[in-house]
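Descriptive structure summary
Read off the chains here:
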Amino acid sequence: MHFVLVSGLLGVGKTTVILNMMDALYESKGHRIMVIENDFGNKGIDGEVMRKYGMDVQELKGGCICCTLKTGLIDTVRVVQANMDPDIIIVEPTGIADPEIIINAVQDCSGIEIDRLSTIIVVDAERFAKTWKMFERPLKNQLKVADIVLVNKIDTVSDEDLDGIKERIKTFGFNGPVEAVQADKGVNMGKLLELFE
Ligand SMILES: Nc1nc2c(ncn2[C@@H]2O[C@H](COP(=O)(O)OP(=O)(O)O)[C@@H](O)[C@H]2O)c(=O)[nH]1
Ligand SMILES: [Mg+2]
């Protein structure tokens, strides 16, 4: 099972990215995907959406999985794997969750078989310039475990702003792939799908 964490601050577009990925992964590649949601933004992945992809959604109630629901997440992943055995489990934690804690928790847990683990970090191009100072610490924590960074909402910024954001991400210590995307229109999402080859 391929465990995929889609992390990033509230409103950056995590759910939009996941919906876009599911279309590509399910419809063109036929992967069986399960999404575990711990983020209750205005745009949720509800049971109806998951049933379209042949699965039922699991909602974790009661807050952030990295703290209060750490064991809740583990149990959920274990049950999902045992009962549904999907090819891919995608977890969307709340914006404030530290992805490293989640990764350590699922890796250390017996009863969960993970062949592959990928961490996708999403940042919001529109808000990045205004918020990076305030969120420097959580951003650095997220980048530490990222396999790929998506700079989302590129429709809202200039090329110059985008260069500045990429530069900042580098100075934060991330040297992996940084992709500029517009998730709500599926623009430039190809590189992300390479994670699933
Ligand atoms: N302009 C623009 N808005 C986007 C894009 N992707 C997502 N959004 C919007 O950003 C908002 C937050 O998206 P959502 O996926 O719910 O973010 P989450 O909280 O990280 O899951 C929604 O209103 C989306 O429609 C994009 O590429 N461009
Ligand atoms: Mg969301």
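In this text, all values refer to a predicted model and were calculated from it rather than measured experimentally.

What follows covers the overall build of the protein chain. Within the protein chain one finds 8 helices and 7 strands. Per-residue burial for the protein chain yields a buried fraction of 38% across its 197 residues. Within the protein chain, contacts between residues at least 6 apart in sequence are counted, and of these 75% link residues at least 24 apart.

For the rest of this paragraph, the subject is the pairing of strand E5 (residues 116–124). In this structure, strand E1 (residues 2–7) lies alongside E5, joined through 6 bridges in parallel fashion. Looking across to E5, one finds that valine 4 is bridged to serine 118.

Right, let's get into unusual backbone geometry. A positive phi angle, close to 70°, is found at lysine 153, a residue other than glycine. If you trace the backbone, lysine 153 turns up in the loop between strand E6 (148–152) and helix H7 (159–171). Despite not being glycine, asparagine 188 shows a phi value in the positive range, around 65°.

Ile89, Ile90, Val149 and Val151 are the most contacted members of the largest nonpolar core, which totals 47 residues. At 5 residues, helix H1 (residues 14–28) tops the list of elements feeding residues into this core. Each residue touching isoleucine 89, except ones within four places of it in the same chain, is listed here: Met1, Phe3, Val4, Met34, Ile36, Val77 and Val80.

The rules behind these values
- Per-chain numbering applies: the sequence of each chain, read as written, is numbered from 1 onward.
- By the order in which they are written, chains take letters starting at A while ligands take numbers starting at 1.
- Whole-chain, interface and lining totals are the exception, using all residues; otherwise, since this is a predicted model, local features are given only for residues with pLDDT of at least 70 and side-chain atom pairs are given and counted only at 80 or more.
- Starting at the N terminus, helices and strands are each numbered in turn, a helix being any DSSP run of H or I of at least four residues and a strand any DSSP run of E of at least two.
- Here a residue counts as buried when 20 or more other C-beta atoms sit within 10 Å of its C-beta, as exposed when there are 12 or fewer, and as partly exposed otherwise, the C-beta atoms being derived from the backbone.
- Residue pairs are scored as contacts if the distance between their C-beta atoms, which are placed from the backbone, is within 7 Å.
- DSSP-based pairing: two strands are paired if at least 2 bridges between them are found.
- Only buried Ala, Val, Leu, Ile, Met, Phe, Trp, Tyr and Cys residues enter a nonpolar core, and they are joined through C-beta atoms within 7 Å.

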